[in-house]
Amino acid sequence: MTTESALADGVREALSVDAEAFAERAAEEAEIVKQELRDGSFDNHQSIVGFEYEFYAVGDGRWSEESRAGEYALMRVPRRMLELMGFEKELGLHNAEMSTSPQPLSDHGLRAQLAEVRARLEAAENTAGVEGMRLVSDGLWTIPPAGETAREYLTDSVEVDGVVVAVNMSDSVRYHAMANAAGDEEADGAEPGGGAGTPTEPTGGADVELSAPGVSMTADTVMPESLITSIQPHYQVAHAETLPRHFRYALRIAGPLLALGVNSPFFPPDLYDDGWDGERVLAEGATENRVHVFESVLNARTDADKVRFPRDFRDVETAVDRIAGDETLIPMPDPGGSDRFDDEFATFRTKHGSYWRWVRPVFEGASRSAANARIEFRPIPGQPTVRDSIAFQGAFAGLMQALAQHEHPVIGLDWETARDNFYAAVADGLDADMEWIGRDGERTTDADTLYADLLDHAEAGLRTAGCADDEAAEWIAPLRWRVANRTTPASWKRDRVRARLDDGDDFETAVHDTQREYIRQQADTLIDGGFSAWTDD
């Protein structure tokens, strides 16, 4: 049986699952989760941190030497190579993902996270280098595979026995099933158990529309989402009952932290609409197009907008109900049978995978002792270096510690304002107009005041977790540098495209050569350096 045929069979099996029965199981299992919460099963004696890190592969070495077009062009990663690296597959064949082992929030814990990422990434880069590739930490790739346009790569698909199969998508039934079904009518916050009640036949689904400033592209699968890559810090609360308060704080810091991390100001040039030249892109384009990609592509397949800035929740049981009641896109078959603690709520657990919020609560655990309630912080794109990436992990964890402990008044910031801050950061990065409530209760829109308070509390949280003063300052230093220099990865890219256009380059050349410069700089600094070394000063 061919890979395509096996995928088609798997897609048909997934779509044959009765959606109403799936929703009923999720609702029933939500009650199990609530009981385990009441029993204290998700409580821990201290806060724990974890990290997910996505990459894409580009041609290096012999591929770069063959032609200028092949220099750092996107490349498909052989599946066997992913296994050798110890990385996981993601949506596109060019993607690779790493997840760290959870560690206690402390200086030793953060150093363990940093050391694990560095060790595994260095080994992966050595493996990739043998095949003429390198892994890139970034927000959105801009140089398509040699001999292909980005549009061709993202939209290439075939039909196998009535099932649409994206040619450049990983061989995951879940990913391909998303291309062959439109969701039900269940909305976020609806009562668990609602939704369609009949199995879905493969139909090719509705067209997907990628929509961002200057870019509109139609595809028949969700493959355009593979343009983007991210980092995701995780924070496990010590006591599950405090999750709503921590979550509320996480939403208030989402905009300011995203503004520090923006790193996707450009698309592959062939994707831009007519009339969008370099000057217009620089004037009207967003600094964090990754958010537009994720929202527009995945929301095209559902009735409610599953990818969005989430609402606060008043108690932990409400969070459970929202996950259980979230619109079901693909009611995957019950995984079960692995003898995990959370197999008791295996169907509920599968719903986490498509609970696409920029900040989301998660309840799971392979064993009762490992069970945890955590917040996954998803707004931040891939960063130029490992050190900068872990700085965001440290800042997020430190803020989760300190803001709640100090009862910081920013918790009173209206949800609508927190949401507006987030989308202002998407548009303008550090130049965004954002509102903050300082420790004295005064409202401010001054960026220096906002970030002094934000990063002071991030350091304070790390000190509370056991870091010495100098250690806490060291973890946050890369972010303080960005504020002081008003420089983000997105502004670094925009400045270089601006300079290349001024020197007479056309827009495509300016974007591609800026991307090559980004990758060359990263080659020297990814494992052991920092983004601050990239500036000309």
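One structure accompanies this document, and this report is about it. Nothing here was measured: the structure is a model prediction, and the numbers come from that model.

Here the focus is the packing of helix α17 (residues 489–502) against helix α18 (residues 507–525). Where α17 contacts α18, the two axes come as close as 9 Å, and the packing angle between them is 135°. For the element pair α17 / α18, the angle class is oblique. Note on packing geometry: the crossing formed by α17 with α18 is right-handed. Counted together, Trp492, Lys493, Arg496, Val497, Arg500 and Leu501 of α17 and Phe507, Ala510, Val511, Asp513, Thr514, Gln515, Glu517, Tyr518 and Gln521 of α18 form the full contact between these two elements.

Right, let's get into the packing of helix α5 (residues 107–130) against helix α13 (residues 386–405). For the pair α5 and α13, interaxial distance at closest approach is 10 Å and the crossing angle is 150°. With respect to α13, the element α5 is oriented roughly antiparallel. α13 is crossed by α5, and the crossing has right-handed handedness. Between α5 and α13, the residues in contact are Leu110, Gln113, Leu114, Val117, Arg118 and Leu121 and Val386, Arg387, Ile390, Gln393 and Gly394, respectively.

Another aspect to go through is the pairing of strand β11 (residues 372–377). Within β11, six of the six residues are buried, leaving the element largely enclosed by the surrounding structure. Residues of β11 alternate between two faces, with Asn372, Arg374 and Glu376 on one and Ala373, Ile375 and Phe377 on the opposite face, all of them buried. In the sheet, strand β9 (residues 231–236) pairs with β11 via three bridges, with the strands oriented antiparallel. Bridge assignment links tyrosine 235 to a residue of β11, and that residue is isoleucine 375. Inspection of the sheet shows strand β10 (residues 359–364) paired to β11 by six bridges, in the antiparallel sense. Across the sheet, the residue bridging to phenylalanine 363 is alanine 373, located in β11.

All right, on to helix α14 (residues 415–428) then. The terminal C-alpha atoms of α14, which comprises 14 residues, lie 20 Å apart, in line with the 20 Å expected from a rise of 1.5 Å per residue. Along α14, the positions that sit buried rather than exposed are Trp415, Thr417, Ala418, Asn421, Phe422, Ala424, Ala425 and Val426. Tucked into the core, α14 has its buried residues touching α8 (243–261) and α10 (289–299). Positive backbone phi, approximately 60°, marks glycine 429, located one or two places after α14.

For the rest of this paragraph, the subject is the pattern of salt bridges. A side chain with one charge may pair with a side chain of the opposite charge, provided their charged atoms come close. For the structure on display, the rule yields 44 salt bridges. Residue glutamate 71 pairs with arginine 516 through a salt bridge whose shortest N-O separation is 3.9 Å. Of the two residues, glutamate 71 sits in the loop between α3 (62–66) and α4 (79–85) while arginine 516 sits in helix α18, which places them 445 residues apart along the sequence. A relative accessible area of 5% places arginine 516 in the buried class. Of the charged contacts, one joins arginine 439 and aspartate 456 as a salt bridge, the two residues approaching to 3.3 Å between their closest N and O atoms. Within this pair, whereas arginine 439 is found in the loop between β12 (436–437) and β13 (443–444), its partner aspartate 456 is found in helix α15 (residues 447–464), the two being separated by 17 residues in sequence. A residue is classified by how much of its surface remains accessible, and arginine 439, at 52% relative accessible area, is exposed. Aspartate 456 sits in the partly exposed class, given a relative accessible area of 31%. One salt-bridge network, in which partners are shared between bridges, spans Arg439, Asp453, Asp456, Glu459, Arg463, Asp469 and Arg480.

Turning next to a negative patch on the surface. A grouping of Glu152, Asp156, Asp270, Asp506 and Glu508 is seen on the molecular surface, where their side chains present a negatively charged patch. The topology assignment puts glutamate 152 in helix α6 (residues 150–155).

On to empty space enclosed by the protein. Under the counting rule described, the total for this entry stands at two cavities of 30 Å³ or more. Of the pockets and cavities examined, the largest cavity occupies roughly 50 Å³. Among the elements that make up the lining of the largest cavity, the one with the highest residue count is α18 (three residues). Looking at the lining of the largest cavity residue by residue, the class counts come to four nonpolar, four polar and one charged. Taken as a whole, the second largest cavity encloses approximately 40 Å³ of empty space. Forming the boundary of the second largest cavity are Phe247, Pro310, Arg311, Phe313, Ala319, Arg322, Tyr355 and Pro361. A breakdown of the residues in the lining of the second largest cavity according to their chemical character gives six nonpolar, no polar and two charged.

Moving on: unusual backbone geometry. The phi dihedral of tyrosine 72 falls on the positive side, at around 60°, and the residue is not glycine. The buried category is assigned to tyrosine 72, whose relative accessible area is 9%. A positive phi is found at aspartate 161, a non-glycine position, where the angle reads about 50°. By the element assignment, aspartate 161 lies in the loop between β5 (157–160) and β6 (163–166).

We now examine the layout of surface pockets. Space inside the largest pocket adds up to approximately 1,300 Å³. In terms of lining, the largest pocket is formed by 45 residues, of which the most central are Glu90, Arg174, Tyr175, Gly353 and Arg360. Elements that contribute at least two residues to the lining of the largest pocket include exactly β1 (48–59), β2 (95–99), α7 (173–178), α10, α12 (346–352), β10 and β11. Of the residues belonging to the lining of the largest pocket, the class tally is 16 nonpolar, 11 polar and 18 charged. Of the voids in this model, the second largest pocket is the one considered here, and its volume is about 390 Å³. Lining the second largest pocket are 21 residues, and of these Pro102, Gln236, Glu364, Asn372 and Arg374 sit closest to its centre. Looking at the lining of the second largest pocket, the elements with two or more residues in it are β1, β3 (103–104), β9 and β11.

Glancing now at the side chain of glutamate 54. Tracing the sequence through the fold places glutamate 54 in strand β1. Although glutamate 54 is buried, it forms no salt bridge, and the closest oppositely charged side chain is arginine 290 at an N-O distance of 5.8 Å. A distance of 2.9 Å separates a polar atom in the side chain of glutamate 54 from the backbone nitrogen of serine 230. Excluding residues within four positions of it along the chain, glutamate 54 makes contact with Glu90, Ala96, Glu97, Ile228, Thr229, Ser230 and Gln232.

This part is about the environment of threonine 302. Relative to the elements of secondary structure, threonine 302 occurs in the loop between α10 and α11 (316–325). For the pair threonine 302 and leucine 329, spaced 27 residues apart in sequence, the C-alpha to C-alpha distance is 6.8 Å. Filtering out sequence-adjacent residues up to four positions away, threonine 302 remains in contact with Glu327 and Leu329. Among the polar contacts made by the side chain of threonine 302, one reaches the main-chain carbonyl oxygen of alanine 304 at a distance of 2.6 Å.

Cut-off values and rules
- Residues numbered from 1 in each chain as written.
- Predicted model: local features only at pLDDT ≥ 70, side-chain atom pairs only at ≥ 80, totals over all residues.
- Heavy atoms only, no water.
- Axes fitted to C-alpha atoms, helices over the stretch in contact; angles between N-to-C directions.
- Helix = DSSP H or I, 4+ residues; strand = E, 2+ residues; numbered from the N terminus.
- Parallel < 35°, antiparallel > 145°, perpendicular 65-115°, else oblique.
- Left-handed = near helix turned anticlockwise from the far one by under 90°.
- Contact = heavy atoms within 4.5 Å.
- Buried < 20%, exposed > 50% of the residue type's maximum accessible area, 1.4 Å probe, protein only.
- Pairing = 2+ DSSP bridges.
- Expected span 1.5 Å × (residues − 1).
- Salt bridge = Lys/Arg side-chain N within 4 Å of Asp/Glu carboxyl O.
- Patch = residues over 30% accessible without salt bridge, like charges linked within 9 Å, V, L, I, M, F, W, Y side chains within 5 Å.
- Areas by Shrake-Rupley, 256 points an atom, 1.4 Å probe, with all protein chains shown as cover.
- Lys, Arg positive; Asp, Glu negative; His and termini not counted.
- Charge placed at Lys NZ, Arg CZ, Asp CG, Glu CD.
- 1 Å grid on protein atoms, 1.4 Å probe; cavity = no way out; pocket = protein on both sides within 12 Å on 5 of 7 lines; lining within 4 Å.
- Points joined across faces, edges and corners; volume = space filled by probe spheres on them.
- Nonpolar A, V, L, I, M, F, W, Y, C, P; charged D, E, K, R; others polar.
- Polar contact = N/O pair within 3.5 Å; in protein donor to acceptor, adjacent residues only side chain to side chain.

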